[in-house]
Amino acid sequence: MRSVTYSMSVSLDGYIVGPDGGFDWTVPDKEVFRFWIDEIRQVGVHLLGRRLYETMLYWETADQDPTLGDPEREWTALWNPLPKVVFSSTLSAVQGNARLASGGLAEEIERLRAEPGEGDIAIGGATLAAEAAALGLIDEYQAMVYPVLVGGGIPFFPQHERRVDLELVETRTFSSRVVYLHHRVAR
């Protein structure tokens, strides 16, 4: 069965964006960007909330920029054909290899798990991930922890009074002092 993985960059104090909505502190260096390129190869479908979908729209046309570097072109070549499911109550259409979710989150994940296919089901966006976590649908958490305290904003982890035991799968420290933490939900 396909695993559901929530993966995002996060500040040391636990936020994916700061109180002003900014996330400029998450710009990856070359080593971290290479890691994300390798990780996206393991994904079969990506579930996104509206805000993350709109942020990632940049990559739909990024390959038309003549100044784009080779790693960014490689990312674009992997990201653009990747099937995406966008959860939004305000969008009426999406671009690229994306579709608007036709059902609820649990139904979409159940359908995707039942479909033949390779690669994990990735979830991006804290609001969408919080809903999936509340439903007990997340199998793995991957956090790229940046050495910065932003003091508030949108939290990486949902703020529910629910205990979830985790097993450490992998850690990695990058030369930029960013730390990757990969945990599996203990079931």
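A quick note: this is a predicted structure, and the numbers were derived from the prediction, not measured.

Peer 1: Before we go on, may I ask you to explain the packing of helix 1 (residues 30–40) against helix 4 (residues 70–79) in this structure?
Peer 2: Pairs of packed helices are described in terms of their axes, by the angle between the two and the distance that separates them. Where helix 1 meets helix 4, the axes come as close as 10 Å, and the angle between the chain directions of the two elements is 20 degrees. Taken together, helix 1 and helix 4 sit at an angle that is classed as roughly parallel. Between helix 1 and helix 4 lies a crossing of left-handed hand. In contact with Phe 33, Arg 34, Trp 36, Ile 37 and Ile 40 of helix 1, helix 4 contributes Pro 71, Glu 72, Glu 74, Trp 75, Leu 78 and Trp 79.

Peer 1: Please clarify how the sheet that holds strand 10 (residues 179–185) should be interpreted in this entry.
Peer 2: Backbone-to-backbone hydrogen bonds join strands into a sheet, with any given pair of strands oriented parallel or antiparallel. Spatially, 8 strands are ordered 5-4-3-6-1-7-10-9 in an open sheet, and the strand pairing comes out mixed. Each edge of the open sheet is held by one strand with a lone partner, namely strand 5 (98–100) and strand 9 (166–173). Between one strand axis and the next, the sheet turns through 20 degrees on average, direction left out of account. Sheet topology places strand 4 (residues 84–87) next to strand 5; 3 bridges connect them, and they run parallel.

Peer 1: Please explain the pairing of strand 9 as it appears in this structure.
Peer 2: As paired strands, strand 9 and strand 10 are joined by 7 bridges and run antiparallel to one another. Residue pairing in the sheet places Thr 173 in a bridge with Val 179 of strand 10. Counted along the chain from strand 9 to the antiparallel partner strand 10, the turn is 5 residues long, and its residue Arg 177 has a positive phi close to 75 degrees.

Peer 1: Looking at this structure, how should I read the environment of Asp 70?
Peer 2: Position of Asp 70 relative to the elements: it lies in helix 4. In this structure, the C-alpha to C-alpha distance between Asp 70 and Glu 108, residues 38 residues apart in sequence, is 34 Å.

Peer 1: Looking at this structure, I do not really get helix 5 (residues 105–114). What am I missing?
Peer 2: Two residues of an α-helix separated by three or four positions point the same way, owing to the 3.6 residues in each turn. Looking at helix 5, one finds that the buried residues are Leu 105, Glu 108, Ile 109, Leu 112 and Arg 113. Seen end-on, helix 5 carries its buried residues on one side only, within an arc spanning 130 degrees. What points out from helix 5, more than 90 degrees from its buried face, is the exposed set Glu 107, Glu 110 and Ala 114. On its buried face, helix 5 is in contact with strand 1 (4–11), strand 3 (43–49), strand 4, strand 5, strand 6 (120–124) and helix 6 (126–134).

What counts and what doesn't
- Residues numbered from 1 in each chain as written.
- Predicted model: local features only at pLDDT ≥ 70, side-chain atom pairs only at ≥ 80, totals over all residues.
- Heavy atoms only, no water.
- Axes fitted to C-alpha atoms, helices over the stretch in contact; angles between N-to-C directions.
- Helix = DSSP H or I, 4+ residues; strand = E, 2+ residues; numbered from the N terminus.
- Parallel < 35°, antiparallel > 145°, perpendicular 65-115°, else oblique.
- Left-handed = near helix turned anticlockwise from the far one by under 90°.
- Contact = heavy atoms within 4.5 Å.
- Pairing = 2+ DSSP bridges.
- Buried < 20%, exposed > 50% of the residue type's maximum accessible area, 1.4 Å probe, protein only.
- Arc of directions from axis to C-beta.

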